[in-house]
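Tertiary structure, described
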Amino acid sequence: MNWDQFKNLCIRNWREKLMALLLAFLFWFMIKSQIGAGSRTYPPLPPLRAV
Amino acid sequence: MWEIIKQHWRDGVEILILAVLVYQAYLFFRATRGARILTGLLMLLLGLALVSQLLELEVITWLLQRISVFLAIALVVLFQPELRRVLAELGSHRMFSLNRPDPESLDVLLEAMQQLSARRCGALFAIKRGIDLRLLAETGVSVDAKLSPELITTIFHPKTALHDGGAIIDQGRIASAGCVFPVSQREVRDRAIGLRHRAAMGVTEETDAIALIVSEESGALSLAYRGKLEHDLEPEELRNRLNELLTFGAAAPEPIQEEPTRELGSI
């Protein structure tokens, strides 16, 4: 692939490609935060008091 | 800077892979019947998911997680024709589809198309490549004859029994004629595009065949490949495009669009 072909590949449908990148980032962000929430460690509960 | 790159290069690769997948999905689904539904659904879900993540709305997050399974099944049902096309294209890689007719039979076919165009006789051909067209061939009448302009013009003469269907070309021979091709459901804005053109788009959506069309109305020559219609081509233009597609297959360069309406079946 020469430089012209590479440039053409980047320029063609650039709006759609930018939108795809944005959507990909949003997907990635959502999934990443889900994974983060799943593996979050909570502090231990306080001991129960006898009534 | 170097530290940030070292720490987050995996994230970058992940986002790039996702972006390629999203862009490819867009290319597959654009201009299809379900494209608008998909866009609406995607925007709604993405918006909801983002809001619920940012504001930590647990109920909405829980709801989205639960319905995602049903949604996946619904999407498979909704996009069944498009998914079939994706799978057909996977099997139609250049390596698997080197079934190209010899240049002599292409000349015969193009000559016949020009004769049909001059007489305003509509015609539809599907040139078989890698994917078997037996199921479509069975809907018509088996011919199995060598290509000749006389035979083709006879088949598509309006007073004959086989003229109202498609002919399947396999290795320089007319395998069948009068075949019923699936009609494309893509949105086409041009009202001059009739059922014959839609059938050409349909057969190329579901298989890796190349469809050639002679318009009954205007005598225009068109070509369809991968569900896209290249309408009203000059004979020389058609020959070059056909040679390109038969030589390079899916890797053939996209046609240069002089005017936006010439290539139909895409946004």
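About the cut-offs
- Residues numbered from 1 in each chain as written.
- Chains lettered and ligands numbered in written order.
- Predicted model: local features only at pLDDT ≥ 70, side-chain atom pairs only at ≥ 80, totals over all residues.
- Helix = DSSP H or I, 4+ residues; strand = E, 2+ residues; numbered from the N terminus.
- Contact = placed C-beta atoms within 7 Å.
- Buried ≥ 20, exposed ≤ 12 C-beta atoms within 10 Å, placed from the backbone.
- Nonpolar A, V, L, I, M, F, W, Y, C, P; charged D, E, K, R; others polar.
- Core = buried A, V, L, I, M, F, W, Y, C linked by C-beta atoms within 7 Å.
- Pairing = 2+ DSSP bridges.
- pLDDT = per-residue confidence, 0-100.

So, about the overall build of chain B. Along its length, chain B carries nine helices and eight strands. Across chain B, the fraction of contacts at a sequence separation of at least 24, relative to all contacts at a separation of at least 6, is 66%.

Scanning chain A from terminus to terminus reveals two helices and zero strands. Of all 51 residues assigned to chain A, the portion counted as buried reaches 6%.

Taken residue by residue, the interface counts 12 residues in chain A and 11 residues in chain B. By residue class, the composition of the side of chain A that touches chain B is nine nonpolar, one polar and two charged.

Peptide bonds are trans in most cases, and residues, glycine excluded, mostly fall at negative phi. Residues and elements named next belong to chain B. One non-glycine residue, E56, lies in the positive phi region at around 55 degrees. Relative to the elements of secondary structure, E56 occurs in the loop between α2 (35-54) and α3 (58-78). At Q171, a position not held by glycine, the phi torsion is positive, near 50 degrees. Position of Q171 among the secondary structure elements: in the loop between β3 (166-170) and β4 (173-179). By C-beta crowding, Q171 is classed as exposed, having 12 other C-beta atoms within 10 Å.

Across soluble globular proteins, you tend to see nonpolar side chains buried next to one another. Counting 43 residues, the largest nonpolar core has B:F125, B:A126, B:I168, B:I169, B:A200, B:I210 and B:A211 as the members making the most contacts within it. Discounting chain neighbours no more than four positions away, the residues touching B:A126 are B:L133, B:G166, B:I168, B:I169, B:F181, B:V203, B:A209 and B:A211. Counting six residues, the second-largest nonpolar core is a separate cluster that includes A:A24, B:I15, B:A19 and B:V22.

Residue and element names in this part refer to chain B. Among the five residues of strand β5 (residues 210-214), five are classified as buried, and the element is accordingly described as predominantly covered. Side chains of β5 alternate between two faces, with I210, L212 and V214 and A211 and I213 buried alike. Two strands pair when backbone bridges link them, and β5 and strand β6 (residues 221-225) are joined in this way by five bridges, in the antiparallel orientation. Within β6, the position partnered with I213 by the bridge is S222. Once β5 ends, the chain turns through six residues before running back antiparallel as β6, passing G219 with a positive phi of about 75 degrees.

Time to look at the confidence of the model for chain B. Residues and elements named next belong to chain B. Across chain B, the average pLDDT comes to 81, with 85% of residues at or above 70. Low confidence marks residues 94-98, where pLDDT is under 50. Its contacts with residues over four positions away, or in another chain, come to 10 contacts. Scored below 50 in pLDDT, residues 256-267 makes 26 contacts in the model with residues more than four places away or belonging to other chains. Complex prediction metrics read pTM 0.56 and ipTM 0.74.

Attention now goes to the environment of B:A211. Residue and element names in this part refer to chain B. Among the structural elements, A211 can be located in strand β5. When the C-alpha atoms of A211 and F125 are compared, they prove to be 5.4 Å apart, with 86 residues separating the residues in sequence. Each residue touching A211, except ones within four places of it in the same chain, is listed here: L124, F125, A126, A200, V203, T204 and A224.

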